[in-house]
Amino acid sequence: MPRQINGQHLVIVEDDPFISESLDAFFGDRNSVKTFPSAEDALAAESELQGSNVFIFDYKLPGKDGIELFKHFRTSFPTAKYILITGEMSYEMAETTRTLGLDALILKPFDFTILEDNISGLISAAA
C-alpha cells in the first residue's frame, strides 16, 4: 500500500528511543520530522517548530506529560493536529483527551500504518 502522507511537518515527543527512531524512519523519508525525548526539550525548541502541522505526544513523559504539552502547544499552533499515544488506556483518559480537544488517542503498541491513517484522515478533514 502506498504511503498516504507526504510533505507534512511532524513533531514527535516520545521518551522511548526505539519508538521515536522507528517513527522518524517510517515518516522521515517523505516528511519533515523532529523528535524530542521529553516535553522540556520540545518546549525549548518551540521557536524552531514553525510550520509544524502534526504533533504526536506520548502520554507518559519525564517531567510534563503529553496532555500538559498539548495544552501549551495548542496556543502556539492552533491549527495543527494533535495525537496522543499511550500504553495505558482508561475511560478517564479518553474523556479528558476528547474534552480538551486532542484530535486522536492511540493505544500502544500500534501498527504505524494505523497512525498514518489517523494523520491522513485528520489532514484531509482539515483541507
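Residues numbered from 1 in each chain as written. Predicted model: local features only at pLDDT ≥ 70, side-chain atom pairs only at ≥ 80, totals over all residues. Heavy atoms only, no water.

**Student:** Quick one: what's the story with the side chain of Arg 30, residue by residue and with numbers?
**Tutor:** Position of Arg 30 among the secondary structure elements: in the loop between helix H1 (17–28) and strand E2 (32–36). We classify Arg 30 as buried; its relative accessible area is 17%. Here the side chain of Arg 30 touches Glu 116 through a polar contact of 3.2 Å, side chain to side chain. (Helix = DSSP H or I, 4+ residues; strand = E, 2+ residues; numbered from the N terminus. Buried < 20%, exposed > 50% of the residue type's maximum accessible area, 1.4 Å probe, protein only. Polar contact = N/O pair within 3.5 Å; in protein donor to acceptor, adjacent residues only side chain to side chain.)

**Student:** Which residues make up H1, and what values go with them?
**Tutor:** If you check H1, its first and last C-alpha atoms are 15 Å apart, about what 12 residues at 1.5 Å a residue would give, namely 16 Å. For H1, the full list of buried residues reads Ile 19, Ser 20, Ser 22, Leu 23, Phe 26 and Phe 27. The arc that holds every buried residue of H1, seen down its axis, measures 165°, which confines them to one face. Exposed residues lying more than 90 degrees from the buried face of H1 are Pro 17, Phe 18, Glu 21 and Ala 25. In the core, the buried residues of H1 are packed alongside strand E1 (9–13), E2 and helix H5 (112–126). (Expected span 1.5 Å × (residues − 1). Arc of directions from axis to C-beta. Contact = heavy atoms within 4.5 Å.)

**Student:** Please give an account of H5 that cites residues and values.
**Tutor:** Taking 1.5 Å as the rise per residue, H5 with 15 residues should run 21 Å; its terminal C-alpha atoms sit 21 Å apart, in good agreement. All of the buried residues along H5 are Phe 112, Leu 115, Glu 116, Ile 119, Ser 120 and Leu 122. One side of H5 holds all its buried residues, which, seen down the axis, span an arc of 165°. In H5, the exposed positions that point more than 90 degrees away from the buried face belong to Ser 124 and Ala 125. Buried-residue contacts for H5 involve E1, H1, strand E3 (54–58), strand E4 (81–86) and strand E5 (104–107).

Nothing here speaks to function; it is geometry throughout.
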